[in-house]
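# Per-entry structural report
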Amino acid sequence: MIREHYDLVKKNTAGKAALCIVSKHRSTDEILSYYEAGERIFAENRADELVAKAEALPKDIEWHFIGHLQRNKVRRILPVTAMIQSLDSIELADVIEKEAACINKVMPVLAEFHLAGEDTNKSGLPADQADTLFEHCLALPHVRIEGIMVMGPHTDNEKRITEVFEEARKLFLSLQEKYGKEIRILSMGMSSDYETALRCGSGMVRIGTYLFQE
Ligand SMILES: *Cc1c(COP(=O)(O)O)cnc(C)c1O
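Presented here is a report on the structure given in the accompanying data block. Within any chain, residue numbers begin from 1 and follow the written order of that chain's sequence. Thresholds applied to this predicted model are a pLDDT of at least 70 for local features of residues and 80 or more for the giving and counting of side-chain atom pairs; totals over whole chains, interfaces and linings are not thresholded and use all residues. Excluded from the side-chain calculation are hydrogens and water; included are all heavy atoms of the structure.

## A closer look at the packing of aromatic side chains
Stacked, edge-to-face and tilted labels apply to pairs of Phe, Tyr and Trp rings (six-membered ring for Trp) whose centres lie within 6.5 Å, assigned for plane angles under 30 degrees, over 60, and everything in between, in that order. Throughout the structure, instances matching the rule amount to 4 aromatic pairs. Ring geometry for Tyr-6 versus Tyr-34: centroids 5.1 Å apart, planes at 70°, classification edge-to-face. Here the residue Tyr-6 occupies a position in helix α1 (residues 3-13), and Tyr-34 occupies one in helix α2 (residues 28-36), the gap between them amounting to 28 residues. Here Tyr-34 and Phe-212 contribute two aromatic rings whose centre-to-centre distance is 5.4 Å and whose plane-to-plane angle is 80°, an arrangement assigned as edge-to-face. A helix here means a DSSP run of H or I that spans at least four residues, while a strand means a run of E at least two residues long, and both kinds are numbered starting from the N terminus.

The following block contains the structure:
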């Protein structure tokens, strides 16, 4: 662990946002150093890596999935995953519903939206598909949609990042108003932009590099 970076992140997020530590490509020992400090939410973007780490590490870790999820990988990750943050299609929601029903689990998910325009990787749905996806998910008994995840634009233009995160916050609040307080998580902000995300009302930051690399 990088104590100084960790302390700063804890101070900045205190009372504001949950910390989801992005542990992709990191060893079990590196993860354990944060576990021992009290952290329980870790995120992976590959199904095989998530499953292997979940098997090797303490069972009270909440594993979040944050990458593009292929439908044929859903069955593998469901038993060990606490939340899928990257729900990006109705088809994927239907596969999650079917597989979760098989193991009698209700799967928490966040819908991933792409609000950053052309200047970033294009994962996530456009905002105008939010209602269709939310209404679909709310009718699925084994899928529990709890909010949204958004990536900031790939730029260091602070103003542009702020615009995208403010748009995300608006989308989140409008969904919460329509569908109720069960819509409770706004996941935005990574190593490079989490402070901006916090200023824009993020409720969960996903931080990897800054916590593991000098
Ligand atoms: C890798 C990743 C992160 C963390 O990025 P860092 O820059 O390492 O903090 C956050 N969210 C998603 C979806 C990621 O893929």
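## A look at the layout of surface pockets
Definitions used for this entry: grid spacing 1 Å over protein atoms alone; cavity, a set of points where a 1.4 Å probe fits but cannot get out; pocket, an open set with protein on both sides within 12 Å along at least 5 of 7 lines; lining residue, one with an atom within 4 Å of a point. Grid points are joined across faces, edges and corners, and a volume is the space filled by probe spheres set on the points. Taken as a whole, the second largest pocket encloses approximately 220 Å³ of empty space. Every residue lining the second largest pocket is listed: His-25, Asn-45, Arg-46, Ala-47, Asp-48, Phe-65, His-68, Leu-69, Gln-70 and Lys-73. Three residue categories are used. Nonpolar comprises Ala, Val, Leu, Ile, Met, Phe, Trp, Tyr, Cys and Pro, charged comprises Asp, Glu, Lys and Arg, and polar comprises the others, including Gly. Classifying every residue of the lining of the second largest pocket gives 3 nonpolar, 4 polar and 3 charged.

## A look at the state of the cysteines
In what follows, a disulfide is any cysteine sulfur pair within 2.5 Å. On inspection of all chains with the given rule, the structure shows 0 disulfides. Residue Cys-20 stays outside any disulfide, its sulfur separated by 19 Å from that of Cys-200, the closest cysteine. A 1.4 Å probe rolled over the protein chains alone gives each residue an accessible area, and that area as a share of the maximum for its type sets the label: buried under 20%, exposed over 50%, partly exposed in between. Under the relative-accessibility criterion, Cys-20 is labelled buried at 0%. Judged by relative accessible area, which is 8%, Cys-200 ranks as buried.

## A word on the pattern of salt bridges
Note on definitions: salt bridges are taken to be side-chain nitrogens of Lys or Arg within 4 Å of carboxyl oxygens of Asp or Glu. In this structure the tally under the stated criterion is 14 salt bridges. Residues Arg-144 and Glu-146 are paired through a salt bridge, measuring 2.7 Å at the closest nitrogen-oxygen approach. For Glu-158, the salt bridge identified is with Arg-199, shortest N-O distance 3.1 Å. Of this pair, Glu-158 sits in helix α7 (residues 158-179) while Arg-199 sits in helix α8 (residues 194-199), and the two are 41 residues apart along the sequence. On the basis of relative accessible area, Glu-158 is assigned to the partly exposed category, the value being 38%. For Arg-199, a relative accessible area of 61% translates into the label exposed. Salt bridges sharing partners connect three or more residues here, namely Glu-44, Glu-49 and Lys-53.

## Comments concerning α7
Helix length check: α7 (22 residues) gives 31 Å between terminal C-alpha atoms against 32 Å at 1.5 Å per residue, within 8%. Every buried residue belonging to α7 is among Ile-161, Val-164, Phe-165, Ala-168, Leu-171, Phe-172, Leu-175, Gln-176 and Tyr-179, and all of these are buried. Buried residues in α7, looked at end-on, bunch into an arc of 135°, giving them a common side. The exposed set on the far side of α7, more than 90 degrees from its buried face, consists of Lys-159, Lys-170, Glu-177 and Lys-178. A contact between two residues is defined here by any heavy atoms of the two lying within 4.5 Å. Tucked inside the fold, the buried residues of α7 contact β5 (107-113), α6 (130-138), β6 (143-150), β7 (185-188) and α8. Counting of polar contacts relies on pairs of N or O atoms within 3.5 Å, with two restrictions inside protein: one atom must be capable of donating a hydrogen and the other of accepting it, and residues adjacent in sequence are counted only when both atoms are side-chain atoms. A distance of 3.0 Å separates the backbone nitrogen of Lys-159 from a side-chain oxygen at the start of α7, and that oxygen is part of Asn-157. One or two residues past the end of α7 sits Gly-180, with phi positive at roughly 100°. Expected helix span is taken as 1.5 Å per residue step, with the number of steps being one fewer than the number of residues. In this description, one arc is meant: the one made by directions from the helix axis to the C-beta atoms.

This is a description of form; function is not addressed.
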